[in-house]
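The lines below spell out each chain.
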Amino acid sequence: MISKEKKELMVFQKRILGLLGFFLVPCAIGFGLLGDNSAISNPKWWYSISMTYYATSNICMIGVLFSMAVLFLSYVGYNTSDKILTIISGVSALGIIVFPCGHDDISTTGLLGLACDTSFKIHCVCASVMFVSFAIMVGYNFTRSGDGSQMTPEKKLRNKIYQICACVIVVFMVNQVLAATCGYPGYWTLINEAIMLWAFSFAWLVKAEFFTMFNDKKL
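Residues numbered from 1 in each chain as written. Predicted model: local features only at pLDDT ≥ 70, side-chain atom pairs only at ≥ 80, totals over all residues. Heavy atoms only, no water.

Account for unusual backbone geometry, with residues named and values stated.
Even without being a glycine, Glu209 presents a positive backbone phi close to 60°. Secondary-structure assignment places Glu209 in the segment after helix 6 (188-207). (Helix = DSSP H or I, 4+ residues; strand = E, 2+ residues; numbered from the N terminus.)

Spelled out as structure tokens, the structure:
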């Protein structure tokens, strides 16, 4: 049984995670637009969130992802499955920071100074693991009813929202694979990332009772 204090803490964490996920894309791009990108020849820095690492927005991108990682790792969760998935999400978010994507103008990158190709491969694995954990958490864990009581109409609606959001994440993960292998324009990566993050964000905000129209009606 989750105490009232822990439940309130989890609601707060969900809201912050949802908001951070929503604002990651506009903040990363916005800070990049304000900065001077002349240190590295990088006209396509806005093609993905990861590429903003090489714009002056890198502090914003790293800061938001690190904040999300801390919240994931400290998340209490309703059960062991919740905790495992949020730990996986947190560790993979840290991996995205530690192992950035590569860049044509440099040979090594990241905190560990790895070759760009090596860092990029690890980066892609971490990003894939993070989005898969998002989809499982939203599409499976969020739809369960822990107390065994009959679901309210509002809970049934929320479950449909969670399932739709999980499907969106999966569909655009597949689209990202196609974008990487079939010669899509480079900016499709940013589009795919933004839609997946916003689906994640919307689901977590619904779960956090951020939108009152989806909450159970009080008798």
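Past the structure itself, the notes keep going.
Account for the packing of aromatic side chains, naming residues and giving values.
Tallied over the full model, the rule gives 20 aromatic pairs. With a centroid separation of 6.2 Å and 55° between ring planes, the pair formed by Phe72 and Phe200 is classed as tilted. Of the two residues, Phe72 sits in helix 2 (residues 58-74) while Phe200 sits in helix 6, which places them 128 residues apart along the sequence. With respect to class, Phe72 is no different from Phe200; both count as buried. (Phe/Tyr/Trp six-rings, centres within 6.5 Å; stacked < 30°, edge-to-face > 60°. Buried < 20%, exposed > 50% of the residue type's maximum accessible area, 1.4 Å probe, protein only.)

For the environment of Gly90, give the residues involved together with the corresponding values.
Here Gly90 shows up in helix 3 (residues 80-98). Looking at Gly90, the relative accessible area reads 0%, which means it is buried. Through-space distance from the C-alpha of Gly90 to that of Leu73 is 5.4 Å; in sequence the pair is 17 residues apart. Ignoring anything within four residues of it in the chain, the contact list for Gly90 reads Ala69, Phe72 and Leu73. (Contact = heavy atoms within 4.5 Å.)

Could you give me a rundown of the environment of Lys207, with the residues and numbers involved?
Mapping Lys207 onto the fold places it in helix 6. Sequence spacing of Lys207 and Thr181 is 26 residues, and the spatial spacing of their C-alpha atoms is 35 Å. Not counting the four nearest positions on each side in its chain, Lys207 is found in contact with Lys14, Tyr78, Phe142, Lys155 and Tyr162.

This is a description of form; function is not addressed.
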